[in-house]
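Listed below, chain by chain, are the residues.
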Amino acid sequence: MLSFKMNMPFYLMVFYGSILIAAVLVLRGLLRDKLPKFVFPILWSAVLLRLLVPFSLSSPLSMKVPEFVMPLSYETTYADAVVEDLPIASYATEALAGTAEQTTEQTIAIAYAAADTSQSGILSLPLFVSFIYLYAAGFLITAGILLSQKYRYTKCLKDSLLIEHNETVNTLLREMGMGHILVFTNDQIASPLVCGLLSPKIYLPTRMDFGSTVLLRHILCHESMHIRRRDNILKAVMLLALCVHWFNPLVWLMSKMLCADLETACDEAVLRMFRDEDTRKDYACSLLAMAITGNRPTLLYSAFAKTEVERRIQSVLHYRKASALLLALSVCLVLSGSVVFATAGQAPFSPELTSFCSSDLCRWGVRVHLRRDVSLGKNAQARAEQILFEILRTDTTSDPDLLKMRITTALSDAFHVEKSAFSPELSLCLNREALFEEYTRWGLVRIEENNDTMLYHGETIRTYQDKTLGRYMSQPEGAVDLVVVRDRLGYITAVEAFREGDSAYDERTRKIEQDYHQYKYSDAPVTEEKEVSIN
């Protein structure tokens, strides 16, 4: 299932575009001499689309959105939790309420973090405005330089003379089906070129040998091929990309590679018209004759440029017609590469699909996130939660891996989306009485019936964490630090105890003293981050 939106932020267009440029450069370095030359201009076109059009096309091939650009994913609070079978499962509500103190502390920590973020956002506003001005200045300078070059060369072409009565030129153009193209001569240009987007024209240097029919044929074939392939339009789009992405060195490198690839692709297209080897040698000589003095900015025109002329001549001399298998593989590469490039990036989206759901009939609670931006239709959250409850009610294994498999399969079948689009997150969900009964078997005993404070074999506990369950408590003084270890099914397998003299205990002591020192000499209260009972 594809999800198309026009919501790609500019900084992600830069990020994804740079990755795609690097990918094409790697492919070009490895396969440039093995694939037909038309492949890489098409891939560069797909990259230009990514750089200039803010579309977001999500598919199973889409890259994961970087964490630093994703919307902030809120932690599950108890208001977000949905408990199935409430009359029977009152213990689940009690289990959630049992960590109310931790929730309060976490809320305080989030409040301070939000205040800090708000303050930093205000402070960064002038910097953001400065970046906007800097970007606008770079855009205008780059566009100004390119436009001035364009104006300078266009001014040179104004004095060109139209070739009307040269039968050789007219006959050659008609043979190529390009009889409508106008050809001019100009004494200020060094090599042939094509100028114009909507009505392109061919310009030939006045000093060229018009008596050489072979040379004239090769030049007109080459320039007409540029017109037929719409290379000038692609170069104009590349110029726009340079203005928009003037700060990105990869885009400037891409412009150079694009010009070279367009020339070699045009050479290959011309060579397909010439079957014998002698003609290819003559064409290589024409390339050398017309390119050796030409050093024109090739993004402004399609011309016999000096760019990589030696490699172009070698390619011409060693040209072999591509086999049907190679052509088929090239088409597959272009199609698959275009699809991957088009769908590689997606804009930031809200990954939340369901609230945290739990049932009295299962040891695990679950919440589902989306891995990619996908449209699931109306009431997607309610439908997904109904599926989760059905699975939790009928589970008999208490195996989190099997639960994840059942959940992704059921959601995939219900929404007709690939399984990898869903990311279930499971958390152990136990009622208080069952939890403390389990703790008692391992030596953790509550001091009071309605109090979570515990002793470990009669020793006062300073810190205690049960990572699988998401419980963590701390107090300033105590004789032992505990870590509760559980297996993948959520059952306790060990209780690790650390006392004074153990490295873990001493490191924790240093951290407490450091936090106390910061609290003592700072104006803002220091709040220690707490893990709550739901991830």
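Residues numbered from 1 in each chain as written. Predicted model: local features only at pLDDT ≥ 70, side-chain atom pairs only at ≥ 80, totals over all residues. Heavy atoms only, no water.

Caption draft 1: Local environment of helix α12 (residues 380–394). For α12, built from 15 residues, the straight-helix expectation of 21 Å at 1.5 Å per residue is met to within 8% by its first-to-last C-alpha distance of 22 Å. For α12, the set of buried residues is Ala 380, Ala 384, Glu 385, Ile 387, Leu 388, Phe 389, Ile 391 and Leu 392. (Helix = DSSP H or I, 4+ residues; strand = E, 2+ residues; numbered from the N terminus. Expected span 1.5 Å × (residues − 1). Buried < 20%, exposed > 50% of the residue type's maximum accessible area, 1.4 Å probe, protein only.)

Caption draft 2: Molecular detail of the pairing of strand β17 (residues 492–498). Bridging between strand β16 (residues 480–486) and β17 involves six bridges; their strand directions are antiparallel. Pairing of Leu 482 across the sheet is with Ala 497, part of β17. Counting the residues that bridge the hairpin from β16 to β17 gives five residues, and of these Gly 490 lies at a positive phi of roughly 95°. (Pairing = 2+ DSSP bridges.)

Caption draft 3: Structural view of the nonpolar core. One finds Leu 376, Phe 422 and Tyr 439 to be the most contacted residues of the largest nonpolar core, which totals 41 residues. Per-element accounting of this core gives the leading share, seven residues, to α12. Other than its neighbours up to four places away in sequence, Leu 376 contacts Leu 353, Leu 370, Arg 383, Phe 415, Val 417 and Phe 422. In terms of nonpolar packing, the next biggest core, distinct from the first, is built from 26 residues, Met 178, Ile 181, Leu 220 and Cys 221 among them. (Core = buried A, V, L, I, M, F, W, Y, C linked by side-chain atoms within 4.5 Å. Contact = heavy atoms within 4.5 Å.)

Caption draft 4: Highlighting the pattern of salt bridges. The tally for this structure, following the rule as stated, stands at 15 salt bridges. Between Arg 367 and Glu 352 there is a salt bridge, and its shortest N-O distance comes to 3.0 Å. Separated by 15 residues along the polypeptide, Arg 367 in strand β10 (residues 364–370) and Glu 352 in the loop between α11 (324–343) and β9 (357–358) bring together distant segments of the chain. Like Arg 367, the residue Glu 352 is buried in the burial classification. The salt bridge partner of Arg 488 is Asp 401, with a shortest N-O separation of 3.2 Å. (Salt bridge = Lys/Arg side-chain N within 4 Å of Asp/Glu carboxyl O.)

Caption draft 5: Quick look at the pairing of strand β5 (residues 183–186). Of the two faces of β5, both are covered, the one formed by Val 183 and Thr 185 as well as the one formed by Phe 184 and Asn 186. Inspection of the sheet shows strand β4 (residues 161–162) paired to β5 by two bridges, in the antiparallel sense. By the bridge assignment, Leu 162 is partnered in β5 with Phe 184. Pairing analysis gives four bridges linking β5 to strand β7 (residues 201–205), with the strands arranged parallel. When the bridges of β7 are listed, Phe 184 appears paired with Tyr 203.

Caption draft 6: View of unusual backbone geometry. A positive phi angle is found at Ser 398, which is not glycine, with a value near 60°. Within the secondary structure layout, Ser 398 lies in the loop between α12 and α13 (400–415). Of note in this structure, His 416 is not a glycine but carries a positive phi near 60°.

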